[in-house]
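Spelled out, the chains give:
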Amino acid sequence: MKKALRVVASLLLCSAILSACGGNGNNTGSESPAPTNNSASNNTEEATVKIIGFNKEETRKSYLELLRQQFPNYDIQFQFVDNKQFKNVVTTYLASGEGPDIIEGTESSWIAAGYLEDLTNQPFVSRYYDTGIKGFTQNGKVYAIPLQSWFEGIWYNKEIFAQNNLTPPKSFDEWMELHDTLRNAGVKPQAMGAKSWESMMKQSIGVALNDFYSKPEGKDFDGKFGTGEATLSEAWLSAFKKWDETIAKKNLTPDMLGVEYDQALDEFATGKAAMWESGPWAYETLLQKNPNLKLGMFPIPGSAEGSGWLVGGPGSSWSVNKNAKNKDAALKVLDFTSTPEAQAALIKDNFGTSFLEGVDNSGIPEQYADSKAAFDEGHVYVPWGNWGTLAGNDIIMELGKQLQDHLAGVKSIEEVLKNTDKKAEEIRNSMK
Amino acid sequence: MKTTGWNLKRNVTFQLFVLPALIGYLIFYIYPLVQTFIYSFTNYSLYHLDMEWIGIDNYTRLFKDDSVIIGIKNTVIYALLITLLQNGLAIPLAIALNRPLKSRNGLRLVFFAPAVLSPLVVGFLWSYLMSSTDYGLINQALRAIGLNDVNWLGNPKLALYSILLTQVWQWTGYAMVIYLANLQGISKDYYEAASIDGAKAWTVFRQITLPLLLPSISFNTVMGMIGGLKVFDVIFAMTGGGPGHSTETIVMTLINKGITESQFGYGSSFAVVFSLLIMIVAFIQLKVLKKWEERLF
Amino acid sequence: MKTIDSYRRSDLILEILLIILALGMVVPIYYLFITTFKSSIDATLHPMWLPVEWKFLGYVEAWKAMNYPRVFLNNLVITVSSVAGVLLFASLAAYSFARRQTRLNNFIFYLILIGVTVPFQVATIPLFRLISNLGLIDNPAAVIFVNIFTLISFNIFLIKNFINTVPMELEESASIDGCGVTGTFFRITLPLLLPVIATVAILNTLTTWNDFFSPLLFLQSREKGVILQEVYRNIGKFSVDWTAFFPMMVLGIAPLLAFYVFMQRFIISGITTGAVKG
């Protein structure tokens, strides 16, 4: 009996090792792509196209309506997953060989694992400007098409500003003074949903864009950071220290760590706070909450006077699941998305500039007029898109969390950047 | 050994009874557990789908990884405190309820009720109660009596304890009910004899009640620790591990590393450490309880 | 004669204090329910009062938004299958362990005891990939199987202990009468096991119904999700209209709460039996 047991136990161990080493777990069960939707299909083929995104459905409304009009035979399904869980959920889907057909965004781990379809030779890719495609290219292959650019700046309440004789600041110090004036007038200067790791992260990087990236040494930094030749601690420290003044002056306070994005939106919309950092996607919601809200957006200012910088870049994107059930339908949707009509629909609900060649981007809605100078000078950028294989959310998420600790008084700015560098190092090592 | 045909059939049937449970258990529990152990020595991840053996590199990396250390620290503190508080409150409550009170059943109903609620919903509900906005009930109440708002979930030093508070609310009744049943099984004669001897209440408690509560103390403390160590739902609902990493627990870190970051090998080494932790804790507890039992009886 | 058990004045004070405490404990639940009938302004201004104007629409909208019938059904299917499955397999196995103490059986029993201490969450990563490889992602069977075989250790443990207290004479006489093992088990032993079966049935129901972890991992699409996943999906959606989320929370806890209210005596006695005898 004992011997039989030992045999059973070793068989169990063997099979465990073998199947683990097989390593193709993510592809078994999906080796049979659905060939029923041939490329020779015409538009009467029925198909379900599942899109998964981290931007709320209301910001895609016009676009989805247009899609459904264009493809009446497709059942277009949109699934929203909060950004906190997005990577988890999609990775799970992709690893199981199932899942959505179109995904908002790319991750270098998905590309490395072969989950995303190579779009390099698709006809619609060439319709985009290089600047839009670059961020979604790895090893010379294109894995996604850019949707409209996104950007984030500081929304401000025009009425409150007017009442206090304030205008959008041209420098960081001016911005700080502005906070003091508002505070003395009994108004909460800035709302912030610091419960999310994104808000402070972007604001501090905004100052870095002004102070560091606009200088010559900033030009190649991102590439070097991606390969590990440079660190954030050296490059970003002085900019971050400057931004830190806002915490020292109590413009951002620890209690904001308990405030969610939606609550901060609410504070700004109802006039409880005079400023709120966010982007165009919040515009419709803000007006819904308060139709009388007069708002504008100015860029994040830097130490020196200037037009400021917006944190932003090639927006999110659509990538295609390599194991998508309805790949052809998904590719058709992407093809249609690469038309001026579709781009306009995207922009309608969530303003941004399109990367499609030939689309007229000159019309900037009135609420962004205060940021026009920044747009004109091309002061819209995000570093993490250009970190090569380090691109993706992991590092900036860590930065955001470290900043939370900093706001609570637990870590210093130096430690924040040092720990973020450490995380980058960890990820770089895990990829070797 | 000679077995008749009938005996053989009986023996086989008996073994077959075990089979369904065993097979399922091996597939869905033991097999993944073994794989965890094996993965922990590899660099299995989305970047290394063909995994390679890397010896104990994952383990050495663990010791330098701040998020891992924080996760373990948070979880151990949490588990210890929930077990202490839950039982420290439940025992007196049970003793109180053991009195011939008229509303005993109603009281028991109420104290136990939170235990049937989903920890996820409890987490969400208390997030609203503890929120810093103007509809946060607790802060409203504090303001009403002239105190300042407390940043329950936004203060990294406080958040874990705020969550702990909600769980004490949720689970004390559960423990209490078990203690109460234990108490009700204790013969009144002991207490009669003690009162005749003029024993003080505290002595009665220490010499009579506490020893006789040993079975339920064992059960509750072991369950409390294990439950505390694998806490997930309520933290997920209330803070998602934040602010910063201050409420991240082991299971959460495990999911972050193992699934979100798809570092299957590295995450598995952490899982192995986790299971060792649990086994050590359980072992220590059982030893302590056994010693106590031996001392008393 | 005043015995140790008679109601004294100190007991009256105690009772009053306990009632106050109990009322305090209930406040969050009261707040939850009462807010479901209020508008957000009403709830912000008068959190603890009865609604200025009773709004029932919240429940209707929550019901629709969560697609409640569907998720309720999913939850029900998963819980019933899991509980039935684990009860069946566990009692069969426990019977064998209790009545037939061979070296093999003892070895297997100790193997199964591991499941009582080490939580299955430890093996989340490979378990996830296993389910993936079996093609069971987004299939309730995944949650059911995981439930059954991760709860089975605890169940076997409790049931075996109980069987040990059941005298063997009845079974022996049955077997003398020619009843096979299976027959004896189902006709004689199982009925006698009813108390412990009831206990574990209740414990298992409470655990599986509220389980969020496994569905989160294995059930990806909305059609297959459980109630709690719908609740989770909706958090953060409402900022001005924050009270709109409350009916969803209530719908999330209502089934078990109702179950508890009707069965509480049963539930409590079940849990205590398990704990004290286990």
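About the cut-offs
Residues numbered from 1 in each chain as written. Chains lettered and ligands numbered in written order. Predicted model: local features only at pLDDT ≥ 70, side-chain atom pairs only at ≥ 80, totals over all residues. Heavy atoms only, no water. Helix = DSSP H or I, 4+ residues; strand = E, 2+ residues; numbered from the N terminus. Buried < 20%, exposed > 50% of the residue type's maximum accessible area, 1.4 Å probe, protein only. Contact = heavy atoms within 4.5 Å. Buried area = accessible area lost by both parts, 1.4 Å probe. Salt bridge = Lys/Arg side-chain N within 4 Å of Asp/Glu carboxyl O. Polar contact = N/O pair within 3.5 Å; in protein donor to acceptor, adjacent residues only side chain to side chain. Core = buried A, V, L, I, M, F, W, Y, C linked by side-chain atoms within 4.5 Å. Pairing = 2+ DSSP bridges. Axes fitted to C-alpha atoms, helices over the stretch in contact; angles between N-to-C directions.

A.B. asks: Honestly, unusual backbone geometry in this entry has me stumped. Any pointers?
C.D. replies: Backbone phi values are negative for most residues with the exception of glycine, while trans is the configuration of most peptide bonds. All names here are of chain A. Not every positive phi belongs to a glycine, and Asn139 is a case in point at roughly 55°. Structurally, Asn139 can be placed in the loop between strand 4 (137-138) and strand 5 (141-142). According to the relative accessible area criterion, Asn139 is exposed, its value standing at 76%. The backbone of Asn165 shows a phi angle near 55°, a positive value even though the residue is not glycine. Inspection of the secondary structure assignment puts Asn165 in the loop between helix 6 (158-163) and helix 7 (172-184). Given the relative accessible area of 72%, Asn165 is considered exposed.

A.B. asks: Would you mind showing me how to read the interface of chain C and chain B here?
C.D. replies: When the parts of a complex come together, some accessible area is lost, and that lost area is often used as the size of the interface. Taken together, the 94 residues of chain C in the interface contact 88 residues of chain B. For the pair chain C and chain B, the two sides together bury roughly 8500 Å², of which 78% comes from carbon and sulfur. Measuring nitrogen to oxygen at the nearest pair gives 2.8 Å for the salt bridge that ties Arg99(B) to Asp11(C). The interface formed by chain C and chain B holds 16 residue pairs in polar contact (both at pLDDT 80 or more) in total. Per element, the largest residue contribution to the side of chain C that touches chain B is 14 residues, and it comes from helix 13 (residues 246-277) of chain C.

A.B. asks: I tried to follow the nonpolar core on my own but got confused; where do I start?
C.D. replies: Nonpolar side chains in soluble globular proteins tend to end up buried together. Trp110(A), Phe111(B), Phe112(B), Ile156(C), Phe218(C) and Met249(C) are the most contacted members of the largest nonpolar core, which totals 205 residues. When residues in this core are grouped by element, the largest group, 15 residues, is from helix 7 (residues 140-163) of chain C. Setting aside its immediate chain neighbours within four residues, Met249(C) contacts Val121(B), Phe124(B), Leu125(B), Tyr128(B) and Leu32(C). If you look at the next biggest cluster of nonpolar residues, it comprises 80 residues, including Leu166(A), Met176(A), Ile205(A) and Val259(A).

A.B. asks: What's the story with the side chain of Asn182(B) in this structure? I'm lost.
C.D. replies: Residue and element names in this part refer to chain B. Position of Asn182 relative to the elements: it lies in helix 7 (residues 159-184). Separated by 3.4 Å, the side chain of Asn182 and the backbone oxygen of Leu212 make a polar contact. There is a polar contact of 2.5 Å between the side chain of Asn182 and the side chain of Ser216.

A.B. asks: Can you help me understand the sheet that holds strand 1 (residues 47-53) of chain A in this one?
C.D. replies: In a beta sheet, neighbouring strands are held together by backbone hydrogen bonds and run either parallel or antiparallel to one another. All names here are of chain A. Overall, mixed pairing links the five strands, which are arranged 2-1-3-12-6 in an open sheet. The open sheet is flanked by strand 2 (74-80) and strand 6 (144-146), the only strands paired with a single partner. Here the average twist between neighbouring strands, direction ignored, is 20°.

A.B. asks: Whenever I open this one, the side chain of Arg428(A) confuses me. Can you help?
C.D. replies: Residue and element names in this part refer to chain A. Its location among the elements puts Arg428 in helix 18 (residues 413-430). Its relative accessible area of 14% is what places Arg428 among the buried residues. Apart from the residues within four sequence positions on either side, Arg428 is in contact with Phe225, Gly226, Thr227, Gly228 and Leu390.

A.B. asks: Hey, could you run me through the environment of Arg222(C) in this one?
C.D. replies: All names here are of chain C. Along the chain, Arg222 turns up in the loop between helix 11 (213-218) and helix 12 (227-234). Exposure remark for Arg222: the relative accessible area of 33% places this residue in the partly exposed category. Residues Arg222 and Arg100, spaced 122 residues apart in sequence, show a C-alpha to C-alpha distance of 46 Å. Among the polar contacts made by the side chain of Arg222, one reaches the side chain of Glu230 at a distance of 2.8 Å.

A.B. asks: Please clarify how the pattern of salt bridges should be interpreted in this entry.
C.D. replies: Any two side chains of opposite charge can pair, on the condition that their charged atoms come close. Counted under the stated rule, the structure contains 26 salt bridges over all chains. Among the salt bridges present, the one from Lys87(A) reaches Glu107(A), with a minimum N-O distance of 3.8 Å. On the criterion of sequence distance, the pair formed by Lys87(A) in helix 3 (residues 83-95) and Glu107(A) in the loop between strand 3 (102-104) and helix 4 (108-112) is long-range, its members being 20 residues apart. Each of the two residues, Lys87(A) as well as Glu107(A), counts as buried. Across the pair Lys55(C) and Glu53(C) runs a salt bridge, and its minimum N-O distance is 3.7 Å.

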